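Chain by chain, the residues:
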Amino acid sequence: MIRLTTVNELTLCAECDGAGTLFTKTGAMIGFYGDCTFDKVMLGPQGNNMQALLGQLGRRLVGENIPLMKVVSNGPTESYYACQARHVTVVELQRGESIMVESEDLLAFTDTVDYGIKPIGCGVISQKGMFTSELTGNGPGAQVAFMTNGNPIVMETPCCVDPDAMVAFTGPEPAFKTNVSWKNFLGQSSGESYMLDYQRPGFKVVIQPYERGSGIDVGVDRGGSAYVQRNPLFR
């Protein structure tokens, strides 16, 4: 079985005491001990070719597909993974428990995790699009590693977050909340015109101190470029 931990916040460590399989972002390996093999996943991590093909087609269709690499450990191994010095977070999933993660932020997951997609209707407003990746535990030792730009912040629901700062969440999909007035159309927006509203208590939302470029701009004095709020606390 493979066990995932973080090293110095920026690196994922995968330790295996026997035989094990891990799926990672292609090209993310930066070093290893022992006997590891690395193969590009042509279709998907599903159990059979038809499921893998359908999963691949679905992720490609909605823009939630990332190139995956299959890492097989033969005996005791220790391998390391990273991507552009982004911060790495590891979460454990119980059987049937799911977490939604943006595909661009997904780094790795164990072979006891099902990898699929989930529709997020309100996501069309932000750069994330209308779907996100859904990872569900289906066996013992299920773990997922994802990345953030800067240290992640974990918020308890109910809460509201900026769609362009959201990285991952558990529980049902959020509602859409707006704060638009006539000032927006004069280019005098507060920069917080829309947000994701997680209403059901008892779940978690992971955000990062960095905002993607928004998918919509309701101002008229910025030449059509999307507005990105800057928070001086994270400079």
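Residues numbered from 1 in each chain as written. Predicted model: local features only at pLDDT ≥ 70, side-chain atom pairs only at ≥ 80, totals over all residues. Heavy atoms only, no water.

A. Fine view of the environment of G116. With respect to the helices and strands, the residue G116 is situated in strand β11 (residues 113-119). Measuring from C-alpha to C-alpha, the distance between G116 and S133 comes to 5.8 Å, with 17 residues separating the pair along the chain. Ignoring sequence-local partners within four residues, the contact set of G116 consists of T132, S133 and E134. (Helix = DSSP H or I, 4+ residues; strand = E, 2+ residues; numbered from the N terminus. Contact = heavy atoms within 4.5 Å.)

B. Region of the structure containing the environment of G202. Relative to the assigned elements, G202 resides in the loop between β18 (194-198) and β19 (204-207). Owing to a relative accessible area of 64%, G202 belongs among the exposed residues under this scheme. Sequence separation of G202 and G171 is 31 residues, and the distance between their C-alpha atoms is 8.3 Å. (Buried < 20%, exposed > 50% of the residue type's maximum accessible area, 1.4 Å probe, protein only.)

C. A look at the nonpolar core. Core analysis: the biggest nonpolar cluster contains 19 residues, and I99, L106, F109, L135, V144 and F146 have the highest contact counts within it. If you list the elements that add at least two residues to this core, you get β9 (98-101), β10 (106-110), β11, β13 (143-148) and β16 (166-169). (Core = buried A, V, L, I, M, F, W, Y, C linked by side-chain atoms within 4.5 Å.)

D. Representation of the sheet that holds strand β2 (residues 11-16) in the model. Across the sheet, which stays open at both edges, the four strands sit in the order β1-β2-β7-β4 with antiparallel pairing between neighbours. Both outer strands of the open sheet, β1 (2-7) and β4 (29-33), are each paired with one neighbouring strand and no more. Between one strand and the next, the sheet's axes are offset by a mean angle of 20°, whatever the strand orientation. (Pairing = 2+ DSSP bridges. Axes fitted to C-alpha atoms, helices over the stretch in contact; angles between N-to-C directions.)

E. Spatial organisation of the sheet that holds β19. What the six strands build is an open sheet, ordered β11-β12-β9-β16-β19-β14; its pairing is antiparallel. Because the sheet does not close on itself, it has two edges, and the strands there are β11 and β14 (153-156). Between one strand axis and the next, the sheet turns through 25° on average, direction left out of account. Summarising the sheet, β14 and β19 pair through four bridges and their orientation is antiparallel. Counted as the bridge partner of M155 is V205 from β19.

F. The arrangement of the confidence of the model for the protein in detail. Summing up the model confidence of the protein, the mean pLDDT is 79 and the portion of residues at 70 or higher is 70%. Across residues 123-128, where pLDDT falls below 50, the model places 22 contacts with residues more than four positions away in sequence or in other chains. (pLDDT = per-residue confidence, 0-100.)

G. Up close: unusual backbone geometry. Residues T157 and P158 are joined by a peptide bond in cis, for which omega reads 5°. As for its position among the elements, P158 is in the loop between β14 and β15 (159-161). Positive phi is not limited to glycine here, since N8 has a value of about 55°. With respect to the helices, strands and loops of the structure, N8 is situated in the loop between β1 and β2. The phi torsion at E9 lies on the positive side, around 70°, for a residue other than glycine. Inspection of the secondary structure puts E9 in the loop between β1 and β2. The class for E9 is partly exposed, based on a relative accessible area of 44%.

H. Representation of the pattern of salt bridges. Within the structure shown, the criterion is met by three salt bridges. One salt bridge connects E92 with R3, and the closest N-O pair in it is separated by 2.5 Å. In this pair, E92 sits in strand β8 (residues 87-92) while R3 sits in strand β1, placing the two residues 89 residues apart along the sequence. Among the residues examined, E92 registers a relative accessible area of 45% and is labelled partly exposed. Residue R3 is classed as partly exposed on the basis of its relative accessible area, which comes to 41%. A salt bridge links K204 to E156, with the shortest nitrogen-to-oxygen separation between them at 2.6 Å. You can see K204 sitting in strand β19 and its partner E156 sitting in strand β14, a full 48 residues away along the chain. (Salt bridge = Lys/Arg side-chain N within 4 Å of Asp/Glu carboxyl O.)

I. Local environment of the packing of aromatic side chains. Taken as a whole and judged by the stated rule, the model has four aromatic pairs. When the centroid spacing of 5.6 Å and the interplanar angle of 25° are considered together, the rings of F23 and F109 count as stacked. Of the two residues, F23 sits in strand β3 (residues 19-25) while F109 sits in strand β10, which places them 86 residues apart along the sequence. Neither F23 nor F109 differs from the other in exposure class; each is buried. Through a chain of ring-to-ring contacts, the aromatic side chains of F23, F109 and Y115 assemble into a single cluster. (Phe/Tyr/Trp six-rings, centres within 6.5 Å; stacked < 30°, edge-to-face > 60°.)

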